[in-house]
Amino acid sequence: CFLFKNNICFLCYRTVAAEVRKQISGQYSGSPQLLKNLNIVGNISHHTTVPLTEAVDPVDLEDYLVTHPLAMDSGPLRDLIEFPPDDIEVVYSPRDCRTLVSAVPEESEMDPHVRDCIRSYTEDWAIVIRKYHKLGTGFNPNTLDKQKERQKGLPKQVFESDEAPDGNSYQDEQDDLKRRSMSIDDTPRGSWACSIFDLKNSLPDALLPSLLDRTPNEEIDRQNDDQRKSNRHKELFALHPSPDEEEPIERLGVPDVPKEHFGQRLLVKCLSLKFEIEIEPIFASLALYDVKEKKKISENFYFDLNSEQMKGLLRPHVPPAAITTLARSAIFSITYPSQDVFLVIKLEKVLQQGDIGECAEPYMIFKEADATKNKEKLEKLKSQADQFCQRLGKYRMPFAWTAIHLMNIVSSAGSLERDSTEVEISTGERKGSWSERRNSSIVGRRSLERTTSGDDACNLTSFRPATLTVTNFFKQEGDRLSDEDLYKFLADMRRPSSVLRRLRPITAQLKIDISPAPENPHYCLTPELLQVKLYPDSRVRPTREILEFPARDVYVPNTTYR
């Protein structure tokens, strides 16, 4: 004995209690009351005593249901309580792969549990088809789209109670009553004259055809039935909206086959980048930002528009470029388009000694027209740039930046009658405001200062392609442009602000095309640099798909391996 309490051994106490229960059960086993409880209907003299100390095994419910089937009478409603054997059918659909090579790694060098997880991205879809799903209570055929489809072409019902009283009609009624009262006063008699006047001025009612003809009741019923069926909606009762339910019920529809999520897709082509002076290579990148959410909603897209002469300055440090790094067009995906989305362009240059302001000073002083007059100074700057490229060609430093209010460009391009639009964006003359100029052969300027609201105004799939020319950049202030400063500048770009007036502009010319992305673009690479199908030639300059960082959560299953 190991456990004691109040000098009593628990093991011994349990043994004594069991003996007491046996003794009591033996004394009262022949009691009439106990026998009555054990077997009320059976014969008392032939009963069997149930020991009170033994546990009774529970009933096996499944075994009982199998051995005791439900007694169902054969009748016309028997099918309602039976489960149809052909209700569920499982079919397997092959999974589509949009790339030429699967992104899933090889299974040879994997742990078994990792291999099972990876197979969830490659196995065929198992689709459960319910044949009698529409007969269940969880199926609701009256969806909102079907209701709108049914209501097309129906005449609008207008009732007298729905019509607002018109002041003109009320005045006409008063004038009519006045005329009638004047006519009644002229007649020698009162009410009889009034009725005679009304009869003389009223129009006769249309005669009812065959009113006094004898027609069988069956014929009348048939005519009424035909009139009810003429111009009758084929789903008359479905037009009535479903009543409000006391408790909301989740109605499960048949889901679509999962696929990779894409938002509204935008194709951006970078055509050229030119400065007043060309002394060193300049590198550029694009990214999307949402000012309202204060989030970067895409990864960076780096592109190189330098001439072969400028690229030659970095040849000792830069290995031969792969074809995947030569992309100059990108496809951006925007799941939640809004009026607060900006396309931010950042420029970098080769790292060199001195402050950023000193490095950018030549681009703000020298002009292309003065190249002959400042030839010696430009040659000196080229020599210094060559030395920095030889020594520090691997490293970069921030140089300048600018931004494009995307939705203003989209809305303006969509409102023009031309197939394409040429837009010039300047930040030099009026810092903080944007102006749009159509081609010089078209009259005047059009302001981009209008904004629209609502999701319909943020449609990126139907606007006309636009060619943008960005004429000025903001010089980089400090070693780094923080995200908080960038969001502040982007918010000020939508209205004239003193904050942007403090930034010094750098004259340049960046030309880009913006258009809705085609559904199946050729020569396209995924964010993992995998070739999308319809890639006929591997030597052609590709188009990059840019990975999106949605501003808010997107509730779709993750079905692709990244």
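The structure this text deals with has already been given above.
Because the structure is predicted, anything quoted here is derived from the model rather than measured.

1. A word on the overall build of the protein chain
Here is step 1: When its secondary structure is counted, the protein chain shows 14 helices and 18 strands.
Here is step 2: Across the 562 residues of the protein chain, 28% fall into the buried class.
Here is step 3: The contacts in the protein chain between residues at least 6 apart in sequence include a share of 80% that link residues at least 24 apart.
Here is step 4: For the protein chain, the accessible area works out to roughly 40100 Å², and carbon and sulfur atoms hold 52% of it.

2. Here's the deal with helix 8 (residues 217-229)
Here is step 1: Compared with an ideal rise of 1.5 Å per residue, which puts 13 residues at 18 Å, helix 8 spans 18 Å between its outermost C-alpha atoms and is within 8% of the ideal.
Here is step 2: Trailing helix 8 by a residue or two, Asn-231 shows a phi angle of about 55°, which is positive.

3. A closer look at the nonpolar core
Within soluble globular proteins, side chains that are nonpolar tend to cluster in buried spots.
Here is step 1: Core analysis: the biggest nonpolar cluster contains 50 residues, and Phe-275, Leu-286, Phe-301, Leu-347, Phe-399 and Ile-514 have the highest contact counts within it.
Here is step 2: For Phe-399, the contacting residues outside a window of four places in its chain are Phe-275, Ile-282, Leu-347, Glu-348, Lys-349, Ala-360, Tyr-363, Lys-475, Gln-476 and Ile-506.

4. Regarding the pattern of salt bridges
Here is step 1: Under the defined criterion, the tally for this structure stands at 16 salt bridges.
Here is step 2: One salt bridge connects Asp-86 with Lys-131, and the closest N-O pair in it is separated by 3.3 Å. Of the two residues, Asp-86 sits in the loop between helix 3 (61-67) and strand 3 (88-93) while Lys-131 sits in the loop between strand 4 (125-130) and helix 5 (144-150), which places them 45 residues apart along the sequence.
Here is step 3: The partner of Lys-349 in a salt bridge is Glu-280, with the nearest N and O atoms 3.2 Å apart. One end of the pair, Lys-349, is in strand 10 (residues 341-350); the other, Glu-280, is in the loop between strand 5 (264-275) and strand 6 (282-290), with 69 residues separating them in the sequence.

5. Re the layout of surface pockets
Here is step 1: Taken as a whole, the largest pocket encloses approximately 1100 Å³ of empty space.
Here is step 2: If you go around the largest pocket, you meet 41 residues; those closest to its centre are Asp-96, Cys-97, Arg-98, Glu-260 and Phe-262.
Here is step 3: Partitioning the lining of the largest pocket into residue classes produces 19 nonpolar, ten polar and twelve charged.
Here is step 4: Counted as a void, the second largest pocket has a volume near 750 Å³.
Here is step 5: Asp-304, Val-318, Ala-321, Thr-325 and Leu-326 are, among the 30 residues lining the second largest pocket, the residues nearest its centre.
Here is step 6: Counting only elements with at least two residues in the lining of the second largest pocket, the list comes to strand 6, strand 8 (301-303), helix 9 (308-312) and strand 10.
Here is step 7: A breakdown of the residues in the lining of the second largest pocket according to their chemical character gives 15 nonpolar, five polar and ten charged.

6. Observations regarding the pairing of strand 6
Here is step 1: Buried residues dominate strand 6, accounting for nine of its nine residues.
Here is step 2: Alternating positions in strand 6 separate into two faces, Ile-282, Ala-284, Leu-286, Leu-288 and Asp-290 on one and Phe-283, Ser-285, Ala-287 and Tyr-289 on the other, with burial throughout.
Here is step 3: Here nine bridges tie strand 6 to strand 10, and the two strands are oriented antiparallel to one another. Residue pairing across strands places Ala-284 opposite Leu-347, the latter belonging to strand 10.

7. Notes on the packing of aromatic side chains
Here is step 1: In total, this model carries nine aromatic pairs according to the counting rule given.
Here is step 2: Taking the centre distance of 5.7 Å and the plane angle of 20° together, the rings of Trp-401 and Phe-489 count as stacked. Here Trp-401, found in strand 11 (residues 396-405), pairs with Phe-489, found in helix 13 (residues 483-493); they are 88 residues apart in sequence, far enough to count as distant.
Here is step 3: Both rings, one in Tyr-523 and one in Tyr-535, keep their centres 5.5 Å apart while their planes meet at 80°; by these two values the pair is edge-to-face. With Tyr-523 in the loop between strand 16 (505-516) and strand 17 (524-525) and Tyr-535 in the loop between strand 17 and strand 18 (543-545), this residue pair connects regions lying twelve residues apart in the sequence.
Here is step 4: Site record: aromatic cluster; members linked through ring pairs are Phe-275, Tyr-363 and Phe-399.
Here is step 5: Here Arg-265 stacks its cationic end above the ring of Phe-262, 4.8 Å away from the centre of that ring.
Here is step 6: Here Arg-552 stacks its cationic end above the ring of Tyr-336, 4.0 Å away from the centre of that ring.

8. Digging into a nonpolar patch on the surface
Here is step 1: On the surface, Phe-83, Ile-88, Val-90, Tyr-92 and Val-128 cluster together into a nonpolar patch covering about 550 Å² of accessible area.
Here is step 2: Looking at which element gives the most residues to the nonpolar patch, the answer is strand 3, with three residues.
Here is step 3: Here Tyr-92 shows up in strand 3.

9. Here we look at unusual backbone geometry
Here is step 1: Within the chain, Leu-529 stands out as a residue other than glycine whose phi angle is a positive 65°.
Here is step 2: With respect to the element layout, Leu-529 can be found in the loop between strand 17 and strand 18.
Here is step 3: What makes Leu-529 partly exposed here is its relative accessible area of 37%.

10. Side note on the side chain of Thr-559
Here is step 1: Tracing the backbone shows Thr-559 in the segment after strand 18.
Here is step 2: Judged by its relative accessible area of 13%, Thr-559 is buried.
Here is step 3: Among all residues touching Thr-559, those that are not within four sequence positions of it are Arg-95, Tyr-121, Trp-125, Pro-258, Lys-259 and Glu-260.

11. Quick word on the side chain of Gln-352
Here is step 1: Relative to the assigned elements, Gln-352 resides in the loop between strand 10 and helix 10 (356-365).
Here is step 2: On the basis of relative accessible area, Gln-352 is assigned to the buried category, the value being 18%.
Here is step 3: In this structure the side chain of Gln-352 is engaged in a polar contact, spanning 2.5 Å, whose partner is the side chain of Lys-349.
Here is step 4: Not counting the four nearest positions on each side in its chain, Gln-352 is found in contact with Glu-280, Cys-359, Phe-388, Leu-392 and Met-397.

Analysis parameters
- Residues numbered from 1 in each chain as written.
- Predicted model: local features only at pLDDT ≥ 70, side-chain atom pairs only at ≥ 80, totals over all residues.
- Heavy atoms only, no water.
- Helix = DSSP H or I, 4+ residues; strand = E, 2+ residues; numbered from the N terminus.
- Buried < 20%, exposed > 50% of the residue type's maximum accessible area, 1.4 Å probe, protein only.
- Contact = heavy atoms within 4.5 Å.
- Areas by Shrake-Rupley, 256 points an atom, 1.4 Å probe, with all protein chains shown as cover.
- Expected span 1.5 Å × (residues − 1).
- Core = buried A, V, L, I, M, F, W, Y, C linked by side-chain atoms within 4.5 Å.
- Salt bridge = Lys/Arg side-chain N within 4 Å of Asp/Glu carboxyl O.
- 1 Å grid on protein atoms, 1.4 Å probe; cavity = no way out; pocket = protein on both sides within 12 Å on 5 of 7 lines; lining within 4 Å.
- Points joined across faces, edges and corners; volume = space filled by probe spheres on them.
- Nonpolar A, V, L, I, M, F, W, Y, C, P; charged D, E, K, R; others polar.
- Pairing = 2+ DSSP bridges.
- Phe/Tyr/Trp six-rings, centres within 6.5 Å; stacked < 30°, edge-to-face > 60°.
- Lys NZ or Arg CZ within 6 Å of the ring centre and 35° of its normal.
- Patch = residues over 30% accessible without salt bridge, like charges linked within 9 Å, V, L, I, M, F, W, Y side chains within 5 Å.
- Polar contact = N/O pair within 3.5 Å; in protein donor to acceptor, adjacent residues only side chain to side chain.

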